[in-house]
Amino acid sequence: MSDFAKMRAQMETGAGFIAALDQSGGSTPKALALYGVGEGDYSNDDEMFAEMQRMRARIMQSPDFTKAKVIGTILFEKTLGEQVAGKPVADFLWSERGVVPFLKIDKGLEDEADQVQVLKPIPGLADTLAQAHGMGVFGTKERSVIHGAHQDGIARVVANQFDVARDVVAAGMVPIIEPEVNIKSPTKSEAEEMLAQALLTHLDALSDGQDVMLKLTLPEQPGLYDALADHPRVLRVVALSGGYSTDEASARLAQNHKMIASFSRALTEGLQRDMTDDGFVAALGGNIEKIYQASIA
């Protein structure tokens, strides 16, 4: 069985969750601040990303960060050029940890219109996909945002996502489609119902072999996305934490039995740069266990 086939099987049926380690330029300062690294600790973007990479490497080398509980992880594009323990990151994750690597490919969001933000154009996407595929990356992740229950806006977000997804599939990879619904939206429940229907419509239009994954905000109505998880073109439906605490995100996830986690803030909650190695391992291990248990509930 090829590595790709093994990765696919793990994504489709593996017990565990997908760790989101794809903080980009806009979200990195906040992620570092929560980790105890202030803006005064670096003087330019290169130093900032170096701090972020050290944090990521510490997480990836932690004894609990293995396929036993973490079946995949999402990486920032700059991370692909980095190394962990002397190996390229994607190679280290798969060969040493058994964790399936994904790549965040979106380049940010357009300004809000019709209560949504669609993907900005992604320059050089074909080259990026070819490079990532050659480095053993299994799939991609691309995030849009829905702020309210606007039918036309949601339809536009989903159509935009599937346009990109088809390019990813054509490159031999599996896309994670992520139309995030803002957890603070006053019409969150209504927006989620509209989103579920729009996704089903586009999934039905896919051909055999055009398989995708979905990354969705934990819904107000438990089980809302079960039909998506059962769709023959969907390998897995994963949940984003969206700003919920680890406890709340895990509790909501446990009510959605056909979703697994793909958390970022909840995964790194409570981690600090100045922790001892034992303290860091214990804190991260606790978060991993909590998210894992919610994912297999």
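Right above here is the structure, for reference.
Residues numbered from 1 in each chain as written. Predicted model: local features only at pLDDT ≥ 70, side-chain atom pairs only at ≥ 80, totals over all residues. Heavy atoms only, no water.

1. Thoughts on the pattern of salt bridges
Right, on to step 1. What the rule picks out here adds up to 22 salt bridges.
Right, on to step 2. As a salt-bridge pair, Glu178 and Lys141 come within 3.0 Å of each other at their nearest N and O atoms. Here Lys141 lies in strand E7 (residues 139-146) and Glu178 lies in strand E8 (residues 174-181), a separation of 37 residues in the sequence. Of the two residues, Glu178 and Lys141, both sit in the buried class.
Right, on to step 3. Arg233 serves as the salt-bridge partner of Asp211, at 2.7 Å between the closest nitrogen and oxygen. One end of the pair, Asp211, is in the loop between helix H7 (188-204) and strand E9 (212-217); the other, Arg233, is in the loop between helix H8 (226-229) and strand E10 (234-240), and 22 residues separate them in sequence. Across this residue pair, the class does not change: Asp211 and Arg233 are buried. (Salt bridge = Lys/Arg side-chain N within 4 Å of Asp/Glu carboxyl O. Helix = DSSP H or I, 4+ residues; strand = E, 2+ residues; numbered from the N terminus. Buried < 20%, exposed > 50% of the residue type's maximum accessible area, 1.4 Å probe, protein only.)

2. Examining empty space enclosed by the protein
Right, on to step 1. Tallying each qualifying case throughout the model produces one cavity of 30 Å³ or more.
Right, on to step 2. By volume, the largest cavity amounts to about 40 Å³.
Right, on to step 3. Around the largest cavity, the lining residues are Phe49, Gln53, Arg56, Phe76, Lys78, Thr79 and Glu82.
Right, on to step 4. Taken together, the residues of the lining of the largest cavity break down into two nonpolar, two polar and three charged. (1 Å grid on protein atoms, 1.4 Å probe; cavity = no way out; pocket = protein on both sides within 12 Å on 5 of 7 lines; lining within 4 Å. Points joined across faces, edges and corners; volume = space filled by probe spheres on them. Nonpolar A, V, L, I, M, F, W, Y, C, P; charged D, E, K, R; others polar.)

3. Points about the packing of aromatic side chains
Right, on to step 1. Under the definition given, this model contains four aromatic pairs.
Right, on to step 2. For the ring pair Phe4 and Phe138, a centre distance of 4.9 Å and an interplane angle of 35° mean the geometry is tilted. With Phe4 in helix H1 (residues 3-13) and Phe138 in the loop between helix H5 (125-134) and E7, the pair connects residues that are 134 residues apart, well separated along the chain.
Right, on to step 3. Exposure remark for Phe138: the relative accessible area of 1% places this residue in the buried category. (Phe/Tyr/Trp six-rings, centres within 6.5 Å; stacked < 30°, edge-to-face > 60°.)

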